[in-house]
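Coordinates in review
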Amino acid sequence: MFRLAREGSGWILTPLHSFAGEPNDGAEPFSGVIIGPDGSLYGATYEGGQNNAGAVYRLRPSPTACGSFSCPWEETVLYSFCPQRPCGDGAGPGFGNLVFDQAGNLYGTTIFGGTGNQGVVFKLTPSEGYWTESVIYSFPSCDSGCVPQGGPIFDSAGNLYGTTSQGGAENTGVVYELSPSGSGWTEQTLTSVYIAPYALTYGGLAMDGHGNLFGTAGGGEPGGVFELTPSNGGWMFNVLQTLPDSGGPYDTPTLDAAGNVYGTSCGEGTDNGSVFKLTPSNGGWIYTSVSFNGSNGECPIGSAVLDAAGNIYGTAGLGGPGTCGPGCGVVWQITP
């Protein structure tokens, strides 16, 4: 885990934590981090923890003074998945970020575990310094969606929305809704996602102010961007844009106040991927993009982030300088 801070016209990178893996730490943090109500960083790892089935962690500055220029943050593993096999509580958090509710509970997804070993949506509840995990939905089979790589989001009424990377009519994923019902949750499959053959739905969803949902499909194959619009008690599925990159998106799209949609799309071989923007125009969408060339990054994975000036930031898993394969990856900025 690292932090980049502006200094003059450049940036200073500070490592915050190096993951050590099982049994006392997480490993392979595929997802990003979120800032919690207490200002700490929260995230999940695909492996590590007491059973090497993944963990949820918290990072915060050390309460004691540090004499070093680079001071590591204090990490706490809040929960290790799979205390016993089969992993009924879930195993292997994927690309999805965690989300807090208004009461301070954490929610997320795993791609394995549950009653059908097809993944779960989980809740972590804090109490007297400890966190208790409960499964609020276990995906029973791939008929109605399975293997949720993306994380869930809340609407203003407290309903959760998310995607699965597989299952549904074409086995390329679904969009689901979880609604509080008494002491439990009720699941409804809103639509199957289909943009192109084999384009799987790895990213999560973004919701605009009108209740429309936006998502991406790709996951290693050419894919695109879709929208789900509430309509007569149901939902209307619409493909906004197919994307040319061979690897397709892995990320959750980012929306700005003007209704523009931003995202990243991975590439393979001579195709190094791109960052794209979709601008609403006369009932349609205008597609613009910036492509990577390898030296400035390759295969961007992770959502785009916007600042107040309209600059776009993100990460690429490959490219740039470095001796690890085709470059070690970069943090990039695009300036309008």
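A brief look at the structure comes next. (Residues numbered from 1 in each chain as written. Predicted model: local features only at pLDDT ≥ 70, side-chain atom pairs only at ≥ 80, totals over all residues. Heavy atoms only, no water.)

**Overview of unusual backbone geometry**
Heads up, the rule is: Numbering goes from the N terminus for both helices and strands, where a helix is a DSSP run of H or I of at least four residues and a strand is a run of E of at least two.
Here the amide bond leading from Glu22 into Pro23 is cis, since omega sits at 0 degrees, within 30 degrees of zero. In this chain, Arg85 is followed by Pro86 through a cis amide linkage whose omega measures 0 degrees. With a phi close to 55 degrees, Glu128 is a non-glycine residue in the positive phi region. Mapped onto the secondary structure, Glu128 falls in the loop between strand 11 (120-127) and strand 12 (130-138). With a phi angle near 60 degrees, Asn171 is a residue other than glycine that sits in the positive phi range. Here Asn171 is to be found in the loop between strand 14 (160-163) and strand 15 (174-181).

**What to know about the sheet that holds strand 22 (residues 261-265)**
Where we set the bar: Pairing between two strands requires that DSSP report at least two bridges joining them.
Strand order across the open sheet formed by 4 strands is 21-22-23-24, with antiparallel pairing between neighbours. Each of the sheet's edge strands pairs with one partner strand only, and the pair in question is strand 21 (254-255) and strand 24 (284-291). Sheet topology places strand 22 next to strand 23 (residues 274-281); 5 bridges connect them, and they run antiparallel. The partner of Thr264 across the bridge, within strand 23, is Val275.

**Digging into the nonpolar core**
Under the convention used in this document: By nonpolar core we mean a set of buried residues, namely Ala, Val, Leu, Ile, Met, Phe, Trp, Tyr and Cys, connected to one another through side-chain atoms within 4.5 Å. Only protein chains enter the area calculation, which uses a 1.4 Å probe; residues under 20% of their type maximum are buried, those over 50% are exposed, and those in between are partly exposed.
Membership of the largest hydrophobic core comes to 18 residues, with the highest contact counts inside it found for Tyr42, Val56, Leu98, Leu106, Phe122, Leu124 and Trp131. For this core, the secondary-structure elements that each account for two or more residues are strand 5 (41-45), strand 8 (74-80) and strand 11. In terms of residue count, strand 11 provides more of this core than any other element does, 3 residues in total. Core analysis: the second largest hydrophobic core is formed by 13 residues, Ile153, Tyr161, Ala196 and Leu205 among them.

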